[in-house]
Amino acid sequence: MKDLPCRAVDRAIAWYQRRLSPRKGWNCAHLVANGGQSCSAAVRTIIAERGLVRGSLPVMRRFAACALASMLLPSHVQGVCCCGPIPIHFRF
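One structure accompanies this document, and this report is about it. (Residues numbered from 1 in each chain as written. Predicted model: local features only at pLDDT ≥ 70, side-chain atom pairs only at ≥ 80, totals over all residues. Heavy atoms only, no water.)

### Points about the overall build of the protein chain
Check the secondary structure of the protein chain and you find three helices and zero strands. Listed N to C, the secondary structure of the protein chain is α-α-α in terms of helices and strands. Sorting the 92 residues of the protein chain into buried and exposed places 30% on the buried side. Once local pairs closer than 6 in sequence are excluded, the contacts in the protein chain between residues at least 24 apart make up 51%. Total accessible area on the protein chain is roughly 6,100 Å²; 61% of this is exposed by carbon and sulfur atoms. (Helix = DSSP H or I, 4+ residues; strand = E, 2+ residues; numbered from the N terminus. Buried < 20%, exposed > 50% of the residue type's maximum accessible area, 1.4 Å probe, protein only. Contact = heavy atoms within 4.5 Å. Areas by Shrake-Rupley, 256 points an atom, 1.4 Å probe, with all protein chains shown as cover.)

### Regarding helix α3 (residues 39–72)
For α3, which comprises 34 residues, the first-to-last C-alpha distance of 17 Å sits more than 12% below the rise-based estimate of 50 Å (1.5 Å per residue). The largest bend along α3 reaches roughly 120° and is located at glycine 51. (Expected span 1.5 Å × (residues − 1). Bend = angle between axes of the 7 residues up to and from the residue.)

### Details of the packing of helix α1 (residues 4–24) against α3
With their axes 10 Å apart at the nearest point, α1 and α3 run at an angle of 170° to one another. Taken together, the axis directions place α1 and α3 in an arrangement best described as roughly antiparallel. In contact with Pro5, Cys6, Val9, Asp10, Ile13, Ala14, Tyr16 and Gln17 of α1, α3 contributes Ser40, Ala41, Val43, Arg44, Ile47, Gly51 and Leu52. Of the residues contributing to the contact of α1 with α3, the split by class is 10 nonpolar, three polar and two charged. (Axes fitted to C-alpha atoms, helices over the stretch in contact; angles between N-to-C directions. Parallel < 35°, antiparallel > 145°, perpendicular 65-115°, else oblique. Nonpolar A, V, L, I, M, F, W, Y, C, P; charged D, E, K, R; others polar.)

### Overview of the nonpolar core
Soluble, globular proteins show a tendency: their nonpolar side chains are buried together. Among the nonpolar cores identified, the biggest contains six residues, and these are Cys6, Ile13, Val43, Ile46, Ile47 and Val59. Elements supplying a minimum of two residues to this core: α1 and α3. Here this core gets four residues from one element, more than from any other, and that element is α3. Sequence-distant contacts of isoleucine 13, defined by excluding residues within four places in its chain, comprise Ser40, Val43 and Arg44. Formed by five residues, the second largest nonpolar core is a distinct cluster that contains Cys28, Ala29, Cys39 and Cys66. (Core = buried A, V, L, I, M, F, W, Y, C linked by side-chain atoms within 4.5 Å.)

Shown next as C-alpha cells:
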C-alpha cells in the first residue's frame, strides 16, 4: 500500500473501525454468518494487497456476500447501510 489514495482509504476505514463500528451495536453480517474477518477488516486487507483498482472487484464481492448473509440472518430491526437492509443501532 504505497500510494496516497490507498493510504487515505486505509485511514478512513481505520477511523470507521475505531469511532463508528463500536457504537453500532451489531457486527458485520458476514462475520456473524461465516466467521473470519469483518467486512471493514477484509477490505483493508484487500486494498493493502491489491490496491484500489485491482481490489475493487473483490471488495464488491465481499459486500455482496455480506448483503446475502444479512438477508439470511433473522432480524426484527431494519435499517439501511452499504450492505442492504440490516439492523442498525447507533449509540452515541
